[in-house]
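The residues making up each chain are set out below.
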Amino acid sequence: GVPGRLTQIFKMAVKMLVAFALVAGVVGHDGLPINAKLGVPGYPDCVNPKLSMGSPLEVAIKELVCSRKGSADQIKIGTVGDSITAGVHSTGGNHTYPGQLQIILDTSFPGKFAVTNLGACGSTMLKKSNSPYWERPQFKTLNESTWDIIVIMLGTNDAKDVGSGGPPNWLHNCGGPDHTTLDGCTFADDYLSMIALVKTLGTTPAGPKIFTAIPPPLMAARSIGANQTVINSVYPKLVPLINAAAKINTPVIDIFTAMGGSPDWATKFPASCTLATAKTYTPCAWWCDAQSCDECHPNNNGYTYMATAMYGGLGLGDGCKATEYCCPDAKACLTPTSTSCASDSSACGAGQVCCPLTKICVVPGNPCATPCLDADTYCCPDAKACLKPTNPGVFCTADVACGAGEVCCPLTKICVEAKGACTP
């Protein structure tokens, strides 16, 4: 009958639209290009099982099913963010900053790390806004998984306000650029809530290493409806205050400065980044070239440069200090103390955790990838050997206190067996 024929025609029309999108791509809200394989902008590590339904963007962003990448023995990094993390205006694939970070890590530490792109286009740190990250599928995956390292870079969409042509997200209650403060700052409150949650999502009881990142500069006023002063003048002061208040003991990753931001941006930046200004003002080349020209989202070259800055901020390339050892379980550089936790894991002091391998209290440092193949050994920077504890938690003063074939490790002061050479 006629109703059945109309239904068939509608289904055929939807399939044709999806097929066209897969070939040519489409443009979504705010002019952002749609990833035809997901029905949303960007390239997060998600799939859209309802793609064929042709849902509008505001529905499609909730249809995504995201998943953490990595095997059990890999160090798992989650990158929390918005469309910049999702890689909008890149050409996709590994051209997002998380994708480029994965390439850098694979070059330095083959097979040791797995980076998951948890970027959600248009999302905010604010719990009450036009699109809270807290309500997106990427947050669900963050919250339902465990991680070794989490990088948080949100704020660009939070800065949207009516005066800049956007929704009323930014509440202007963080003191402004001259008196930036956490007191009464809703953005800071919600950011600290996010960090408190992430602290519970570690692959070990110590929790993941958490890094906060200052978003990149906004290169033109009113771009995407965001307040340029908030992004370029408030966040470089506010994010470090949040980092310190959270007591996460990691440095702030300053993407703002790395991507050309500076305190005098208002007089230094051109009015906008164009193909012409990209030739005369170096940072503009990270936003504008023949591949893409946007005032908020970098191009492929910009995302590659951003990944390099992220890698440097994570401190993964320097290895552990001579006073630390890399624990394969904690996946962190650990500074040993003289306190045993073999019989009581609560014996460790503030800022310390009980190392499950050596059974001594340690102070966690930067993330690391152990060069030792056996999970029951650690790489000693002094001995340059993979060492297996023989009596964890029991301290020694000299080799004579250890058994045959054992030595007293000068770093941890416990008896160990050498299992092979390593380069810390």
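Residues numbered from 1 in each chain as written. Predicted model: local features only at pLDDT ≥ 70, side-chain atom pairs only at ≥ 80, totals over all residues. Heavy atoms only, no water.

**Q** Give me the pairing of strand S18 (residues 415-421): which residues, what numbers.
**A** Relative to S18, strand S16 (residues 385-389) runs antiparallel, the two being bridged by five bridges. In the strand pairing of S18, Cys 386 is matched with Gly 420. Between strand S17 (residues 407-408) and S18, which pair antiparallel one after the other, the connecting turn spans six residues, and Lys 413 there sits at a positive phi close to 60 degrees. (Pairing = 2+ DSSP bridges. Helix = DSSP H or I, 4+ residues; strand = E, 2+ residues; numbered from the N terminus.)

**Q** Any chance you could break down the side chain of Ser 292 for me, citing the residues and the numbers?
**A** Relative to the elements of secondary structure, Ser 292 occurs in the loop between helix H10 (277-280) and helix H11 (300-314). A polar contact of 3.0 Å, which involves the side chain of Ser 292, links it to the side chain of His 89. Every residue in contact with Ser 292, bar those within four places of it in the chain, is listed here: His 89, Trp 287 and Asn 299. (Polar contact = N/O pair within 3.5 Å; in protein donor to acceptor, adjacent residues only side chain to side chain. Contact = heavy atoms within 4.5 Å.)

**Q** Go over the sheet that holds strand S9 (residues 209-214), please, and point to the residues and values.
**A** Here five strands make up an open sheet; going across it, the order is S7-S6-S8-S9-S10 and the pairing parallel. Each edge of the sheet is formed by a strand with only one pairing partner; in this case those strands are strand S7 (113-119) and strand S10 (253-254). Note that strand S6 (residues 75-81) and S7 share seven bridges and pair parallel. The residue of S7 that forms the bridge with Gly 78 is Thr 116. Its contacts with the sheet put helix H4 (residues 97-108) on S6, S7 and strand S8 (149-153), and the angle it makes with S7 is roughly 175 degrees. Its contacts with the sheet place helix H6 (residues 186-198) against S8 and S9, and it is angled at close to 155 degrees to S9. (Axes fitted to C-alpha atoms, helices over the stretch in contact; angles between N-to-C directions.)

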